Amino acid sequence: MIGISEPVTGGPVTDDLGLGIDAWYVDDDGTDSRFGWGHYYQYIPWAQYEEVQTDGWKLTARVRVSEAPDDPNGASVFVGYVGDGALYALSLGTDASGNQTLNAWEDGTGSRTYNTGSDGYHLYEVFYDPNVGSADIFVDGTEAIRDWAGKTYYGDWVVSWGSLGPASTGRGHYSLVEFEVPVPEPTAIATLTLGGLLFLRRRRR
Ligand SMILES: [Ca+2]
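Residues numbered from 1 in each chain as written. Predicted model: local features only at pLDDT ≥ 70, side-chain atom pairs only at ≥ 80, totals over all residues.

Turning our attention to the overall build of the protein chain. Counting its secondary structure elements, the protein chain contains two helices and 15 strands. When each of the 205 residues of the protein chain is scored for burial, the buried share is 37%. (Helix = DSSP H or I, 4+ residues; strand = E, 2+ residues; numbered from the N terminus. Buried ≥ 20, exposed ≤ 12 C-beta atoms within 10 Å, placed from the backbone.)

In structure tokens form, the structure reads like this:
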């Protein structure tokens, strides 16, 4: 985890709400405008830069907002991706009734919003299409936001989750965060076959 000041913590959650779901929490109680945030991240390998640009990508996350952020747009409960000059940030929060909300950051409007209509865990899937240069966001299998181009941002190519919000607070439970780069099928089959052959040869020795 990076960022980090004392009031931002992370750790395991077991059998959340008795649902049988295990998760990892990030609790942002920090309000320092410079240091009150912290998130986990994974760099995209250099070798995959071209694949990401030409084949597209999919970001998947299953998240529960467990302590209402003071600012639903503040990214204290956050999942996102940075690549090719853009930040694709999902800022999760709640409305006045506790229903989980999504703010998808973008240039111009600042963000586009979607209300899931309930609390608890929700599944977010972002599909980026390199042919049109934008993504569609599905929430629990329903198209929520389309033609989303994210926010202009030049930085390291990373997938990250946790808190991106220095001044704002909130707590999220993350049961899944996944980033996939579609690979043409013939390549995948060839790799599998090769792996199988190598395994067999080793066993004969
Ligand atoms: Ca904070």
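Our focus in this paragraph is the sheet that holds strand 3 (residues 21-28). Here seven strands make up an open sheet; going across it, the order is 2-3-15-5-10-11-12 and the pairing antiparallel. At either margin of the open sheet sits one strand with a lone partner, and together these are strand 2 (8-16) and strand 12 (142-148). In this sheet, adjacent strand axes meet at a mean angle of 25° when their direction is disregarded. Note that strand 10 (residues 122-129) and strand 11 (residues 134-139) share six bridges and pair antiparallel. The residue bridging Tyr-124 from the neighbouring strand is Val-139, located in strand 11. (Pairing = 2+ DSSP bridges. Axes fitted to C-alpha atoms, helices over the stretch in contact; angles between N-to-C directions.)

The next thing to look at is the environment of Arg-64. Within the secondary structure, Arg-64 is located in strand 5 (residues 57-67). Overall, Arg-64 belongs to the buried group, with 23 C-beta atoms counted inside 10 Å. Between the alpha carbons of Arg-64 and His-173 there is a distance of 5.1 Å; along the sequence they are 109 residues apart.

With that settled, consider the nonpolar core. It is characteristic of soluble globular proteins that their nonpolar side chains tend to be buried jointly. Within the largest apolar cluster, 40 residues are counted, with the highest numbers of intra-cluster contacts made by Ala-61, Val-63, Phe-78, Val-79, Leu-90, Tyr-124 and Ile-137. Once residues lying within four places of it in the same chain are set aside, the contact partners of Ile-137 are Ala-104, Tyr-124, Val-126, Ala-144, Ile-145 and Trp-148. (Core = buried A, V, L, I, M, F, W, Y, C linked by C-beta atoms within 7 Å. Contact = placed C-beta atoms within 7 Å.)

Where strand 11 and strand 12 come together, four bridges link them in antiparallel fashion. Opposite Phe-138, over in strand 12, you have Glu-143 as the bridge partner. In sequence, strand 11 turns back onto strand 12 through a hairpin of two residues, with Asp-140 there showing a positive phi of about 55°.

Here we take up unusual backbone geometry. Non-glycine residue Ala-75 carries a positive phi angle of around 60°. The residue Ala-75 is located in the loop between strand 5 and strand 6 (78-83) in this model. With a phi angle near 55°, Asp-147 is a residue other than glycine that sits in the positive phi range. By the element assignment, Asp-147 lies in strand 12.

None of the figures reported here should be taken as evidence of function without further support.
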